[in-house]
Amino acid sequence: MQDIDSGYCRSFWASTGAYDAVAHYIQMNYEGLKDDLIQMLAGGRCSVDPTRFQNDMSIVRSKDDVFTVLIHLGYLSYEWENSQCYIPNREVAGEMVNAVKSNNWKHVTEAIDLSRKLLQDTLNGDEEAVARAVDAAHDENTSILSYNNENSLACVLSIAYYYARNDYVMHRELASGKGFADIVLIPRKNVVSPAIVVELKFRQDVDTAIDQIKRRQYPAKVSQYTDNLLLVGINYDRDTKQHTCHIETYAGNK
């Protein structure tokens, strides 16, 4: 009752024992499973073919079978129109992270730890640290063929800011003001951290990104946070393959 009165509740579902099932199936580590899990942890969706599954959880022979079992167990949701699966909520995402860590997936665990640091560096206004983190995330998660694609960078940033989902609701291409903000992080209830608006640019400069946020009135969508709002501009230079970052506190009402 105290939790209900205070408005702060936490799920205990993750401690009911089904976690072992998730860890077991993730241990099978079929090709591409790690990358798909990272994508889903970042809020994305992955294709899955559930039709070949034999309805026997002891017979799992492919990544599709693993995802189909996790759908049956309720750890993944399934969208039949596009044959895609995704993580349904934050509590399940947290359980997936625990399962990943228990399997000693060093690469994924490091990505999660770096994501935690990226959020803190953003909140601290450490522009150089944020630029370095985006450099690393871009190199790690983007193939050469799609490296210079703007949507690719937006996807990479969604992954890089995975940890922020603990305290924020993340929106990509959010209709706001006179356009679409690339990434908007809105604090969850009872979270006192500032809202964050991120704009991406290619071969321009970070000040152009910040100016666009203001000119197109992106903060209008999060007007209740304008007294506690960070603007983040990130620019990518295709020639040097380096990122630069500028962070400032929104002062639209001052």
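See the structure shown above.
Structural notes, computed from the coordinates. (Residues numbered from 1 in each chain as written. Predicted model: local features only at pLDDT ≥ 70, side-chain atom pairs only at ≥ 80, totals over all residues. Heavy atoms only, no water.)

Quick word on the pattern of salt bridges
One pass over the full model with this rule turns up 7 salt bridges. Among the ionic pairs, Asp 113 bridges to Arg 116, the shortest N-O distance being 3.0 Å. Here the residue Asp 113 and the residue Arg 116 both occupy positions in helix H6 (residues 106-123), the gap between them amounting to 3 residues, near one helical turn. Of the charged contacts in the structure, one is a salt bridge between Glu 248 and Lys 214, with a shortest N-O distance of 2.7 Å. Of the two residues, Glu 248 is situated in strand E8 (residues 242-249) and Lys 214 in helix H9 (residues 206-215); the sequence distance between them amounts to 34 residues. Owing to a relative accessible area of 22%, Glu 248 belongs among the partly exposed residues under this scheme. Among the ionic contacts, a cluster of salt bridges with common partners joins Asp 49, Arg 52 and Asp 64. (Salt bridge = Lys/Arg side-chain N within 4 Å of Asp/Glu carboxyl O. Helix = DSSP H or I, 4+ residues; strand = E, 2+ residues; numbered from the N terminus. Buried < 20%, exposed > 50% of the residue type's maximum accessible area, 1.4 Å probe, protein only.)

Looking at unusual backbone geometry
Despite not being glycine, Asn 190 shows a phi value in the positive range, around 70°. Turning to its location among the elements, Asn 190 is positioned in the loop between strand E5 (179-187) and strand E6 (195-202). By relative accessible area, which is 51% here, Asn 190 ends up exposed. A positive phi angle is found at Gln 217, which is not glycine, with a value near 60°. For Gln 217, the location among the structural elements is in the loop between H9 and strand E7 (229-237).

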